[in-house]
Amino acid sequence: MPSLARSQNAYDRAFSAAVELPLTVLALLWLPVLVVPLVVHLRAEIADTFLGIDYFVWAAFAVEYLVKLYLAPSRRHFFTHHLVELAVVAVPVLRPLRVLRLLRLLSFARAGVVLVNALKRARAILTHNGLHFVLLAVLGVVFVCSALELAFERSAHGSTFTTTERPSGGRS
């Protein structure tokens, strides 16, 4: 019996691996179907098409959930540990949560750890020997000098430098 459970787990992992990327892409492509009707008033035919796409995506997620539930060695355990997936399939208002599937591709935990470490290192570098005070003083000098330059140029005869805003027409 252990080999059956192991093979069922392997089949479940194989199924999950097989549908993970297509359903993630489907969730990503589904975003305009969610956003466009909220932003733009659509003709009835286009609105019906968007509704059909929404139902198709819902059906894909429902089939995925049901297949995973069927393949799970312990259906009760699967049911109790995948309530968000069930809610997304069962409650139409929660359908935008399908986009959370995209978070599976992004390893935010790992990226968060790297970001925190980078920020700690940057803080250590900046606070070492008062470097942050030097940078703050340099920033202050730059702003004061910029303000003085603007004040002098604004009142100069024939100057085209009269504001800090970019001209609307012209070079970028």
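Residues numbered from 1 in each chain as written. Predicted model: local features only at pLDDT ≥ 70, side-chain atom pairs only at ≥ 80, totals over all residues. Heavy atoms only, no water.

A. Up close: the overall build of the protein. If you tally the helices and strands in the protein, you get 7 helices and 0 strands. Tracing the protein from N to C terminus, the helices and strands come up as α-α-α-α-α-α-α. Buried residues in the protein amount to 19% of all 172 residues. Of all intrachain contacts in the protein linking residues separated by at least 6 positions in sequence, the fraction that spans at least 24 positions is 57%. (Helix = DSSP H or I, 4+ residues; strand = E, 2+ residues; numbered from the N terminus. Buried < 20%, exposed > 50% of the residue type's maximum accessible area, 1.4 Å probe, protein only. Contact = heavy atoms within 4.5 Å.)

B. Representation of the pattern of salt bridges. For the coordinates displayed, the defined rule picks out 2 salt bridges. Residue Arg43 pairs with Glu45 through a salt bridge whose shortest N-O separation is 3.2 Å. The partner of Lys68 in a salt bridge is Glu64, with the nearest N and O atoms 3.0 Å apart. Taken together, the residues span about one helical turn, with Lys68 and Glu64 both in helix α2 (residues 44-71) at a distance of 4 residues. The exposure classification of Lys68 matches that of Glu64, with both residues buried. (Salt bridge = Lys/Arg side-chain N within 4 Å of Asp/Glu carboxyl O.)

C. Focus on the nonpolar core. Counting 18 residues, the largest nonpolar core has Leu23, Val57, Phe61, Tyr65, Phe78 and Val89 as the members making the most contacts within it. Of all the elements in the fold, those that place two or more residues in this core are α1 (2-39) and α2. (Core = buried A, V, L, I, M, F, W, Y, C linked by side-chain atoms within 4.5 Å.)

D. Highlighting the packing of aromatic side chains. Tallying each qualifying case throughout the model produces 1 aromatic pair. Pairing Tyr65 with Phe78 gives two aromatic rings, centres 5.4 Å apart and planes at 45 degrees, and the pair type is tilted. Taken together, the residues Tyr65 in helix α2 and Phe78 in helix α3 (residues 75-81) connect sequence positions 13 residues apart. (Phe/Tyr/Trp six-rings, centres within 6.5 Å; stacked < 30°, edge-to-face > 60°.)

E. The arrangement of helix α4 (residues 83-90) in detail. The complete set of buried residues in α4 reads Glu85, Val88 and Val89. The arc that holds every buried residue of α4, seen down its axis, measures 95 degrees, which confines them to one face. Turned more than 90 degrees away from the buried face of α4 sit Val84 and Ala90, all of them exposed. (Arc of directions from axis to C-beta.)

F. Representation of the environment of Thr49 within the structure. Counting through the fold element by element, Thr49 comes out in helix α2. Residue Thr49 is classed as partly exposed on the basis of its relative accessible area of 45%. Along the primary structure Thr49 and Val33 are separated by 16 residues, whereas in three dimensions their C-alpha atoms are 9.3 Å apart.

G. Expanded view of a nonpolar patch on the surface. Side chains of Ile125, Leu126, Leu131, Val134, Leu135, Val138 and Val142 sit close together on the surface and give an oily, nonpolar patch of about 570 Å² of accessible area. Looking at the nonpolar patch, the elements that each hand over two or more residues are α6 (108-127) and α7 (131-155). Element by element, the count of residues in the nonpolar patch is highest for α7, at 5 residues. You can see Ile125 is positioned in helix α6. (Patch = residues over 30% accessible without salt bridge, like charges linked within 9 Å, V, L, I, M, F, W, Y side chains within 5 Å. Areas by Shrake-Rupley, 256 points an atom, 1.4 Å probe, with all protein chains shown as cover.)

H. Just the packing of α2 against α4, in detail. Two elements in contact, α2 and α4, have axes separated by 9 Å at closest approach and are oriented at 145 degrees. In the crossing of α2 with α4, the sense of the turn from one axis to the other is left-handed. In contact with Trp58, Phe61, Ala62 and Tyr65 of α2, α4 contributes Glu85, Leu86 and Val89. (Axes fitted to C-alpha atoms, helices over the stretch in contact; angles between N-to-C directions. Left-handed = near helix turned anticlockwise from the far one by under 90°.)

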